[in-house]
Amino acid sequence: GPLKADFMQDERYGWVLQEMAVRLSGGFDSSYTCPLATGKDIYGAYLDMALGLPLDRGKLEDKKGRVACCLAPVHKPGKVSGWEASTQSEETLVFYRTQTEIKPLENNADRPVFIIADGANHKEAYEAAQVLAESVRPVYV
């Protein structure tokens with residue numbers, strides 16, 4: 001079933017589990033990360049069920065057998081005129097949440113960019129996301 005988990009890397013404690021819930025993700029996991037890695041149509045299956053249609057288990061089958069990683073790199077606050085990315089492919093997604101200003105990171109809603117990449121295993125997915133995150137840079141004004 002669906003499982004949503006949020007992790008944060010902390011200077012004092014390393015990787016910290018912030019939240020885990022058995023539900024559809026608020027956005028990226030159900031709509032992008034899971035479909036990119038597995039080919040699953042989670043929203044399609046749940047919408048069918050919500051409409052009273054029978055569950056199409058084919059929509060929930062793992063067709064790719066891959067893993068995806070979503071990162072939200074931290075950037076210094078400041079006014080920006082946009083972003084530049086030197087590395088991107090069909091196996092990666094970048095979502096820019098601002099084109100004008102990076103605010104101080106006070107909560108998760110302040111994250112300015114999300115990077116999603118996949119790989120054959122957890123290590124490959126994380127490394128691909130890290131490479132892409134390093135190539136995505138804000139253009140400060």
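Conventions adopted
- Residues numbered from 1 in each chain as written.
- Predicted model: local features only at pLDDT ≥ 70, side-chain atom pairs only at ≥ 80, totals over all residues.
- Heavy atoms only, no water.
- Helix = DSSP H or I, 4+ residues; strand = E, 2+ residues; numbered from the N terminus.
- Contact = heavy atoms within 4.5 Å.
- Expected span 1.5 Å × (residues − 1).
- Buried < 20%, exposed > 50% of the residue type's maximum accessible area, 1.4 Å probe, protein only.
- Arc of directions from axis to C-beta.
- Polar contact = N/O pair within 3.5 Å; in protein donor to acceptor, adjacent residues only side chain to side chain.
- Pairing = 2+ DSSP bridges.
- Axes fitted to C-alpha atoms, helices over the stretch in contact; angles between N-to-C directions.
- Salt bridge = Lys/Arg side-chain N within 4 Å of Asp/Glu carboxyl O.

Draft legend 1. Region of the structure containing the side chain of Thr33. Counting through the fold element by element, Thr33 comes out in helix 1 (residues 28–38). Filtering out sequence-adjacent residues up to four positions away, Thr33 remains in contact with Phe28, Ala68, Cys69, Cys70 and Ile116.

Draft legend 2. Broad picture of helix 3 (residues 122–135). In this model helix 3 runs 20 Å from its N-terminal to its C-terminal C-alpha over 14 residues, within 8% of the 20 Å that 1.5 Å per residue would give. Those residues of helix 3 not exposed but buried are Ala125, Ala129, Leu132, Ala133 and Ser135. Looking straight down helix 3, one finds its buried side chains confined to an arc of 160°; they lie on one side. Set apart from the buried face of helix 3 by more than 90 degrees, the exposed residues are Lys123 and Glu134. Tucked into the core, helix 3 has its buried residues touching strand 3 (67–71), strand 4 (78–85), strand 5 (92–96), strand 7 (113–119) and strand 8 (136–140). Its side-chain oxygen placed 3.1 Å from the backbone nitrogen of Lys123, Asn121 serves as the N-cap of helix 3.

Draft legend 3. View of the sheet that holds strand 8. One open sheet accounts for three strands, arranged 6-4-8; its pairing is antiparallel. Strands at the two margins of the open sheet, each flanked by one partner only, are strand 6 (101–102) and strand 8. Sheet topology places strand 4 next to strand 8; five bridges connect them, and they run antiparallel. Bridge pairing in strand 8 places Ala85 opposite Val136. Seen against the sheet, helix 3 touches strand 4 and strand 8 and runs at an angle of roughly 15° to strand 8.

Draft legend 4. Structural detail: the pattern of salt bridges. Scanning the entire structure with this criterion turns up six salt bridges. Put simply, Asp48 and Lys59 hold a salt bridge, and the shortest N to O gap is 2.6 Å. Pair noted here: Asp48 is in helix 2 (residues 42–50) and Lys59 is in the loop between helix 2 and strand 3, with a separation of 11 residues, a long-range link. We classify Lys59 as partly exposed; its relative accessible area is 21%. In this structure, Lys123 and Glu127 form a salt bridge, with 2.7 Å as the shortest nitrogen-oxygen distance. Here the residue Lys123 and the residue Glu127 both occupy positions in helix 3, the gap between them amounting to four residues, near one helical turn.

Structural measurements only, silent on function.
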